[in-house]
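Descriptive analysis of the structure
This is what each chain is made of:
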Amino acid sequence: MTDIITLSDPRVAAVIVDDCHEPLVDVRDIPELRLDDRQADGDGAYARLRSGVLGRLLQAQRALPDGLRFLLVEGYRPPGLQRRYYEEYAATMRAAHPDATPARIRELASAYISPPEVAPHAGGGALDLTLCTEDGTELPLGTEVNATPEESDGACRTDAPNIDAQARAHRMVMREALTSAGFVNYPTEWWHWSYGDRYWALMSQAPAARYGPVDLPHDDGEQSEGSAIPA
């Protein structure tokens, strides 16, 4: 992954945060958006985004070709849940690579789940999403949302060569719409896009991140449904 800056990179952690204190908005109240429930939790955290992120998502959706919409899988993720996900996947990486250094384990884990201290989802600035038709039918994008590098043979990478032409075209449609609205992609996960977080600031050369971690009540690190672990 020498050509990819991961969330474990010290340059990401070095980005300062100047939180603009935008509220988290519940997108379940937005009729223009489609929301999937595979990552649903009891507090509805998954359905929340910073207000500025929501505005940009709606802008990106308007840029999609006729007949297509975004299907949002997960937005905000409480810091406690992010921490648990990271620790579980890091443990999996340590078992698979018993001779790896702690720094290498952090790098391997960060290809799939962000270290808690820099996690885009924990600030409400990240989106895990895919494409669907007007009636909600998901389009093929090469892997399932939240597929691990191991189970997908690396096809989860946005620019993976081992996907078919149709999936590649759909990924390009997503890229064009989301980048036009100011989002940046995490290149190890085609479905993960963000705005306002540290990774976004580094990649877009912004002077600071706009969003730092925020808490909702009942952040106990638990989730009632879903077990996949996106960044």
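Here, the structure is the one placed above.
Residues numbered from 1 in each chain as written. Predicted model: local features only at pLDDT ≥ 70, side-chain atom pairs only at ≥ 80, totals over all residues. Heavy atoms only, no water.

1. What about the packing of aromatic side chains?
Enumeration according to the criterion identifies 5 aromatic pairs in this entry. Taken together, a centroid distance of 5.0 Å and an interplanar angle of 55° make the contact between tyrosine 89 and tyrosine 112 tilted. Residue tyrosine 89 is located in helix H3 (residues 79-96), and its partner tyrosine 112 is located in the loop between helix H4 (102-110) and strand S5 (126-133); the two are separated by 23 residues in the primary sequence. The class for tyrosine 89 is buried, based on a relative accessible area of 6%. Arranged with centres 5.1 Å apart and planes meeting at 90°, the rings of tyrosine 186 and tyrosine 199 form a pair that is edge-to-face. (Phe/Tyr/Trp six-rings, centres within 6.5 Å; stacked < 30°, edge-to-face > 60°. Helix = DSSP H or I, 4+ residues; strand = E, 2+ residues; numbered from the N terminus. Buried < 20%, exposed > 50% of the residue type's maximum accessible area, 1.4 Å probe, protein only.)

2. As for the pattern of salt bridges
Per the stated rule, a full pass over the model turns up 13 salt bridges. Residues arginine 104 and glutamate 107 are paired through a salt bridge, measuring 3.0 Å at the closest nitrogen-oxygen approach. Pair noted here: arginine 104 and glutamate 107 are both in helix H4, with a separation of 3 residues, about one helical turn. Arginine 104 sits in the partly exposed class, given a relative accessible area of 36%. On the accessibility criterion, glutamate 107 (26% relative accessible area) is partly exposed. In this structure, glutamate 117 and arginine 106 form a salt bridge, with 2.8 Å as the shortest nitrogen-oxygen distance. Here the residue glutamate 117 occupies a position in the loop between H4 and S5, and arginine 106 occupies one in helix H4, the gap between them amounting to 11 residues. Overall, the relative accessible area of 42% leaves glutamate 117 in the partly exposed class. One salt-bridge network, in which partners are shared between bridges, spans Asp36, Arg38 and Glu138. (Salt bridge = Lys/Arg side-chain N within 4 Å of Asp/Glu carboxyl O.)

3. Examining the pairing of strand S4 (residues 68-74)
Along any regular strand, the residues point their side chains to alternate faces of the sheet. With 7 of its 7 residues buried, S4 lies for the most part within the structure. Alignment of S4 against S5, held across 6 bridges, turns out to be antiparallel. The partner of arginine 69 across the bridge, within S5, is cysteine 132. (Pairing = 2+ DSSP bridges.)

4. Looking at empty space enclosed by the protein
Under the defined criterion, the tally for this structure stands at 1 cavity of 30 Å³ or more. What lines the largest cavity is simply Val17, Glu117, Val118, Ala119, Pro120, Gly123, Gly125, Asp197, Arg198, Tyr211, Gly212 and Pro213. Of the residues in the lining of the largest cavity, the class split is 6 nonpolar, 3 polar and 3 charged. (1 Å grid on protein atoms, 1.4 Å probe; cavity = no way out; pocket = protein on both sides within 12 Å on 5 of 7 lines; lining within 4 Å. Points joined across faces, edges and corners; volume = space filled by probe spheres on them. Nonpolar A, V, L, I, M, F, W, Y, C, P; charged D, E, K, R; others polar.)

5. Brief notes about helix H2 (residues 51-62)
The terminal C-alpha atoms of H2 lie 17 Å apart, and with 12 residues this matches the ideal 16 Å at 1.5 Å per residue to within 8%. Buried within H2 are the following residues: Val53, Leu54, Leu57, Leu58, Ala60 and Gln61. The arc that holds the buried residues of H2, viewed along the axis, is 160°, so those residues lie on one side. Looking at the packing, one finds that the buried side of H2 touches strand S1 (24-26), strand S3 (48-50), S4, S5 and helix H6 (165-180). (Expected span 1.5 Å × (residues − 1). Arc of directions from axis to C-beta. Contact = heavy atoms within 4.5 Å.)

6. Remarks on the sheet that holds strand S2 (residues 34-35)
One open sheet accounts for 5 strands, arranged S2-S4-S5-S7-S6; its pairing is mixed. At either end of the open sheet lies a strand with only one pairing partner, and these are S2 and strand S6 (184-185). Across 2 bridges, the pairing between S2 and S4 is parallel. Bridge pairing links leucine 35 to leucine 72 in S4. Across the sheet, H2 lies against S4 and S5, angled at about 150° from S4, the strand it touches most. Running over the sheet, H6 touches S4, S5 and strand S7 (192-194) and is turned about 125° from S5. (Axes fitted to C-alpha atoms, helices over the stretch in contact; angles between N-to-C directions.)

7. A word on the nonpolar core
Ranked by internal contacts, the top residues of the largest apolar core, which has 56 residues, are Phe70, Leu129, Met174 and Phe183. When contributions to this core are tallied by element, the ones reaching two or more residues are H2, S4, H3, H4, S5, H6 and helix H7 (198-204). Element by element, the count of residues in this core is highest for H3, at 6 residues. (Core = buried A, V, L, I, M, F, W, Y, C linked by side-chain atoms within 4.5 Å.)

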